[in-house]
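# Secondary and tertiary structure notes
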Amino acid sequence: MRLAPSVLSADFTRLGEQLDVLTASGVDCIHYDVMDGDFVPALSFGDTILKNIKDRCGDKLFLDAHLMVTEPARFVEVFRKAGADNITVHAEACKHIDRSLQAVIDSGAQAGIALNPGTPLEMISEVIHKVDLVLIMSVNPGFGGQKYIEYCTDKIARLSKWKKDLGLDFSIQVDGGVSPANVKKILDAGADNIVAGSAVFKNDIAANCADFREIMHF
Ligand code: DX5
Ligand code: ZN
């Protein structure tokens with residue numbers, strides 16, 4: 001089980017301090033949401049902050065870049081150079097999914113493929129054997145703090161069954177609206193990697209991590 005706090009919800013004036021609280025709380029991964037104002041409505045950040053995080057705690061944190069950008073293959077090298085250990089691209093954002101995933105694989109990063117809530121699992125059937133991670137979005141991407149979309153739980157369960165049937169071992173990551181209140185049903189459906197932004201960074205980070213850890217045992 002892995003908890004991947006999304007730094008989108010961090011206080012960037014205190015980022016280093018907040019990362020230290022996370023690592024002291026047993027967290028070993030950071031989720032880094034890149035938004036381009038085109039694939040999703042909002043803008044977030046580029047590679048500079050990722051590089052800063054890498055320099056400060058790259059030995060303690062696995063860096064998971066979630067590229068919510070149109071034609072993400074254009075940015076794979078940039079984020080890999082900045083320190084991304086995993087790079088996830090959206091199936092909906094690539095004209096050529098195989099080519100985009102191959103660019104990630106060739107960069108030496110682990111490769112993730114993301115699906116929006118309304119995108120069927122079948123969209124990735126031909127490339128599923130190439131990936132290290134499948135990201136099931138449980139909100140429409142673009143903003144932190146949205147409500148978990150309930151029908152996604154069934155999609156996670158279907159992906160988990162599909163993975164077993166195929167004998168594959170990719171990670172199943174879920175992103176959007178996850179909190180200690182609903183994480184158990186998401187894990188029960190088959191997820192092993194949980195992204196959480198507002199539920200980790202609001203108020204007391206250490207206490208929030210402890211609440212997740214009690215259920216997730218990371
Ligand atoms: C949404 C991003 C998420 C976001 C999650 O587009 O991909 O990673 O930070 O935030 P919460 O956990 O607050 O829904
Ligand atoms: Zn994300």
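Okay, so let's go over this structure.

Procedures and definitions
- Residues numbered from 1 in each chain as written.
- Chains lettered and ligands numbered in written order.
- Predicted model: local features only at pLDDT ≥ 70, side-chain atom pairs only at ≥ 80, totals over all residues.
- Heavy atoms only, no water.
- Pairing = 2+ DSSP bridges.
- Helix = DSSP H or I, 4+ residues; strand = E, 2+ residues; numbered from the N terminus.
- Axes fitted to C-alpha atoms, helices over the stretch in contact; angles between N-to-C directions.
- Parallel < 35°, antiparallel > 145°, perpendicular 65-115°, else oblique.
- Left-handed = near helix turned anticlockwise from the far one by under 90°.
- Contact = heavy atoms within 4.5 Å.
- Nonpolar A, V, L, I, M, F, W, Y, C, P; charged D, E, K, R; others polar.
- Near = heavy atom within 4 Å.
- Polar contact = N/O pair within 3.5 Å; in protein donor to acceptor, adjacent residues only side chain to side chain.
- Areas by Shrake-Rupley, 256 points an atom, 1.4 Å probe, with all protein chains shown as cover.
- Donors = N, O, S within 2.8 Å, 3.2 Å for Na, K, Ca; no water.
- Tetrahedral: all angles 85-135°; square planar, octahedral: opposite > 155°, others 65-115°.
- Buried < 20%, exposed > 50% of the residue type's maximum accessible area, 1.4 Å probe, protein only.
- Core = buried A, V, L, I, M, F, W, Y, C linked by side-chain atoms within 4.5 Å.
- Right-handed = clockwise from strand over helix to strand, strands pointing away.
- Arc of directions from axis to C-beta.

This next bit is on the sheet that holds strand β3 (residues 62–68). Across a sheet, paired strands are connected by hydrogen bonds in the backbone, their directions being either parallel or antiparallel. On the basis of which strands lie adjacent, the open sheet formed by 8 strands has the order β1-β8-β7-β6-β5-β4-β3-β2 and parallel pairing. The open sheet terminates on both sides in strands that have one partner only, identified here as β1 (2–5) and β2 (29–35). Neighbour-to-neighbour, the strand axes of the sheet open up by a mean angle of 25 degrees, direction not taken into account. Of the pairings in the sheet, the one linking β2 to β3 comprises 7 bridges and is parallel in character. Looking across to β3, one finds that Asp33 is bridged to His66.

What follows deals with the packing of helix α1 (residues 15–24) against helix α2 (residues 48–57). At a closest axis distance of 11 Å, the pairing of α1 and α2 adopts a crossing angle of 50 degrees. Comparing their axes, α2 and α1 come out oblique. Between α1 and α2 lies a crossing whose hand is right-handed. Of the residues in α2, those in contact with Leu15, Gly16, Glu17, Leu19 and Asp20 of α1 are Ile49, Ile53, Arg56 and Cys57. A breakdown of the residues in the contact of α1 with α2 according to their chemical character gives 5 nonpolar, 1 polar and 3 charged.

What follows concerns the site of ligand 1. With respect to spatial proximity, 20 residues lie near ligand 1, and among them Asp33, Gly142, Asp175, Gly197 and Ser198 are the closest. Backbone polar atom of Gly142 to an oxygen atom of ligand 1: 2.7 Å apart, as the coordinates give it. In the model, an oxygen atom of ligand 1 is placed 2.5 Å from a nitrogen or oxygen of the Ser198 side chain. Contact with the protein chains hides 100% of the accessible area of ligand 1, taken as 380 Å² for the molecule alone. Elements with a contribution of two residues or more to the shell around ligand 1: β2, β3 and β8 (193–196). It is β2 that provides the largest number of residues to the shell around ligand 1, a total of 3 residues. In terms of residue class, the shell around ligand 1 is built from 8 nonpolar, 10 polar and 2 charged.

Moving on: the coordination of the zinc ion (ligand 2). Only His31 (NE2), Asp33 (OD), His66 (ND1) and Asp175 (OD) from the protein coordinate the zinc ion (ligand 2), and they sit 2.0 to 2.2 Å from it. Coordination at the zinc ion (ligand 2) comes from 6 donor atoms whose angles at the metal span 69 to 169 degrees, giving a geometry best classed as octahedral. For the zinc ion (ligand 2), the single-chain donor residues occur in sequence as H-x1-D-x32-H-x108-D. Residue Asp33 is located in strand β2, and its partner Asp175 is located in strand β7 (residues 171–175); the two are separated by 142 residues in the primary sequence. Asp175 shares its class with Asp33; the two are buried.

Membership of the largest hydrophobic core comes to 64 residues, with the highest contact counts inside it found for Ile194 and Phe212. Tallying contributions element by element places helix α8 (residues 205–216) first for this core, with 4 residues. Discounting residues that sit within four places of it in the chain, Ile194 has contacts with Arg2, Leu3, Ala4, Val174, Val178, Val183, Ile186, Leu187, Phe212 and Met216. Counting residues in each nonpolar core, the second largest holds 6 residues, with Met35, Val40, Ala42 and Ala93 among its members.

Now for the pairing of strand β5 (residues 110–115). Across the 6 residues of β5, 5 count as buried, placing the element largely inside the fold. As paired strands, strand β4 (residues 86–90) and β5 are joined by 5 bridges and run parallel to one another. Its bridge partner lying in β5, Ile87 is registered against Ala111. Remark: the β4/helix α4 (residues 97–107)/β5 crossover connection has right-handed handedness. With 4 bridges joining them, β5 and strand β6 (residues 133–137) adopt parallel strand pairing. What sits directly across from Ile113, in β6, is Val134.

Okay, α4 next. Every α-helix carries 3.6 residues per turn, so stepping three or four residues along brings you back to the same face. For α4, the full list of buried residues reads Ile97, Ser100, Leu101, Val104 and Ser107. Down the axis of α4, the smallest arc covering the buried residues is 120 degrees, so these residues share one side. Among the exposed residues of α4, those pointing more than 90 degrees away from its buried face are Arg99 and Asp106. Tucked inside the fold, the buried residues of α4 contact α3 (76–82), β4 and β5. Where α4 terminates, the next one or two residues include Gly108, which has phi positive at roughly 95 degrees.

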